[in-house]
Every structure is written in structure tokens, then in C-alpha cells.
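Per-entry structural report
One-letter residues, chain by chain:
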Amino acid sequence: MSEALKGPDGALRCPWALSTDDYVTYHDQEWGRPVHGDDALYERLCLEAFQSGLSWITILRRREGFRAAFSGFKITDVAAFTDEDRERLLADPGIIRNRAKIDATLANARVLADWPSGELDALIWSYAPDRASRPAPKTLADVPAVTDESTALSKALKKRGIRFVGPTTAYALMQACGLVDDHLEACVARLQ
């Protein structure tokens, strides 16, 4: 069931956030907070794809390495990466050196570089469900891994040429970027 639990400061939080200080900070300050801007959303999309099959803490602890390796996730800069940059990334111990995920990150930047400014932001946020239609989850069992909206977002992104973004990754993106607020009802970080 996993209801909200008391953290070291006595505040109730989502139970997943209490295993490390890194998680507490991420949970309290970032997760579920609205993220806008094409580059910022591209970063989150990339990090969620790199997380696929791994724990989020692995990605979170390497985030600065990812930012350094991928030019701060500035779409136009990553779109200009060369084969030499790809080889550099495959050898970089500061990131996850998964060939398919690196290739998708580069290919996605090239696709997005051709989009008008603001289009990625508008597309992703067009799939945000009405908050009033989603009751606050009371336990982790109430939090889905996939929704109709994440499935539709995944299909829309894939149709536009974006790779490595299945419905589960799309939902994780929606959670991380504040399209949905999946903080438990009793959680101190839940937005009202």
C-alpha cells in the first residue's frame, strides 16, 4: 500500500523519496513541478529515456555528467554533434554509455532542431490531463505507470520522429515535469 511516511524532519513524503538525501531534495524541489521550455523538456525526455531499465537514483547522481556531456541539453548544440562526439559519449564514464540511448538522444535533437521554438513545450503540455479529473493518490498503489494520456503522448512524439519514448517513459516525463501531480495526498510536496 505504501502511504506517505514521515521523513527525518517529521514531514510526510512519498515513501520512494526517503531512501537517500538526493531523493528527498529531488522529490521536494523538482518532481511534479511544472517544467516549460523546449531545452528543459528535451533534457527531461532524454534523462527519462536513459533511466529506462535503471533506477532513477542512477540518473539523478549522474545528471551533471549528462549535462556536461550533452552541452546542457541545448537542442541546437546536440543536433550539431558529430560522429566524434558520439564516440566521446560512448566512452564517457560520467553518463550511461548505452549506444541505443545515446543514438536516440542525438537523433531526437536533430528532429527537434527543425521544430519551431516552443513546439515541443506546446505538444507535451497539450497532453496534460485536467487536474480536477485526477484525485490525489492516497497510496503508491493508486499511482499508474501508464495512462491514456501518456500512451497518446508517446504515439504523438513517435509520429513526429522522436525515439525511445514509450508510454511508461512518457508517463514518467509527465510526472517529473508536472503535467500530473502524483505526490501522495498527505505528502508535503503535493501542489494544491
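See the structure above.
This text gives an overview of the structure that appears in the document. As the structure is a computational prediction, the values presented were derived from the model and not from experiment.

1. A few points about the nonpolar core
The biggest cluster of nonpolar side chains holds 47 residues, and the ones touching the most others in it are Tyr 42, Phe 66, Phe 70, Leu 89 and Leu 120. Sort the elements by how many residues they give to this core and helix 2 (residues 38-51) lands first, with six residues. Counting five residues, the second largest nonpolar core, distinct from the first, contains Ala 4, Leu 184, Cys 187 and Ala 189.

2. Description of helix 2
Along its 14 residues, helix 2 runs 20 Å from first to last C-alpha, staying within 8% of the 20 Å computed at 1.5 Å per residue. Of all 14 residues that make up helix 2, 12 are buried, and the element is covered over most of its length. Listing the buried residues of helix 2 in full gives Asp 38, Leu 41, Tyr 42, Glu 43, Arg 44, Leu 45, Cys 46, Leu 47, Glu 48, Ala 49, Phe 50 and Gln 51. Taken together, the buried residues of helix 2 touch helix 3 (56-60), helix 4 (63-69), helix 5 (75-79), helix 7 (99-112), helix 8 (119-125) and helix 10 (167-176). Backbone geometry just downstream of helix 2 places Gly 53 in the positive-phi region, at approximately 85°.

3. Section: the layout of surface pockets
Estimates place the volume of the largest pocket at around 440 Å³. Contributing to the lining of the largest pocket are 19 residues, with Trp 31, Glu 48, Trp 56, Ala 172 and Gln 175 lying nearest its centre. Looking at the lining of the largest pocket, the elements with two or more residues in it are helix 1 (21-29), helix 2 and helix 10. In terms of residue count, helix 10 provides more of the lining of the largest pocket than any other element does, six residues in total. Classifying every residue of the lining of the largest pocket by side-chain character gives 12 nonpolar, five polar and two charged. What the second largest pocket holds in volume is close to 160 Å³. Asp 38, Asp 39, Lys 74, Ile 75, Thr 76, Leu 112, Ala 113, Trp 115, Pro 116, Ser 117, Gly 118 and Leu 120 are the residues that line the second largest pocket. In the lining of the second largest pocket, the residues fall into six nonpolar, three polar and three charged.

4. Here we look at helix 1
Each full turn of the α-helix corresponds to 3.6 residues, which orients residues three or four apart in the same direction. For helix 1, the complete set of buried residues consists of Tyr 23, Val 24, Tyr 26 and His 27. For helix 1, the elements touching its buried residues are strand 2 (12-13), helix 3, helix 4 and helix 10.

5. Re the pattern of salt bridges
Tallied over the full model, the rule gives 14 salt bridges. Residues Arg 61 and Asp 22 are paired through a salt bridge, measuring 2.8 Å at the closest nitrogen-oxygen approach. With Arg 61 in the loop between helix 3 and helix 4 and Asp 22 in helix 1, this pair connects stretches of sequence that are 39 residues apart. Residue classification places Asp 22 among the partly exposed residues on the basis of a relative accessible area of 36%. The closest approach of N and O atoms between Arg 86 and Glu 87, which form a salt bridge, is 3.2 Å. Judged by relative accessible area, Glu 87 falls into the partly exposed class, the value being 46%. Shared partners join several salt bridges into a network, and the residues in it are Asp 9, Arg 13 and Asp 28.

6. Some words on the state of the cysteines
Here a disulfide denotes one covalent bond, and it connects the sulfur atoms of two cysteines. Under the counting rule described, the total for this entry stands at zero disulfides. Cysteine Cys 177 remains unbridged, with the sulfur of Cys 46 as its closest cysteine sulfur at 11 Å. There is no disulfide at Cys 187, and the cysteine sulfur nearest it, in Cys 14, is 3.8 Å away. Look at Cys 187 and you get buried, because its relative accessible area is 5%.

Rules used in this analysis
Residues numbered from 1 in each chain as written. Predicted model: local features only at pLDDT ≥ 70, side-chain atom pairs only at ≥ 80, totals over all residues. Heavy atoms only, no water. Core = buried A, V, L, I, M, F, W, Y, C linked by side-chain atoms within 4.5 Å. Buried < 20%, exposed > 50% of the residue type's maximum accessible area, 1.4 Å probe, protein only. Helix = DSSP H or I, 4+ residues; strand = E, 2+ residues; numbered from the N terminus. Expected span 1.5 Å × (residues − 1). Contact = heavy atoms within 4.5 Å. 1 Å grid on protein atoms, 1.4 Å probe; cavity = no way out; pocket = protein on both sides within 12 Å on 5 of 7 lines; lining within 4 Å. Points joined across faces, edges and corners; volume = space filled by probe spheres on them. Nonpolar A, V, L, I, M, F, W, Y, C, P; charged D, E, K, R; others polar. Salt bridge = Lys/Arg side-chain N within 4 Å of Asp/Glu carboxyl O. Disulfide = S-S within 2.5 Å.

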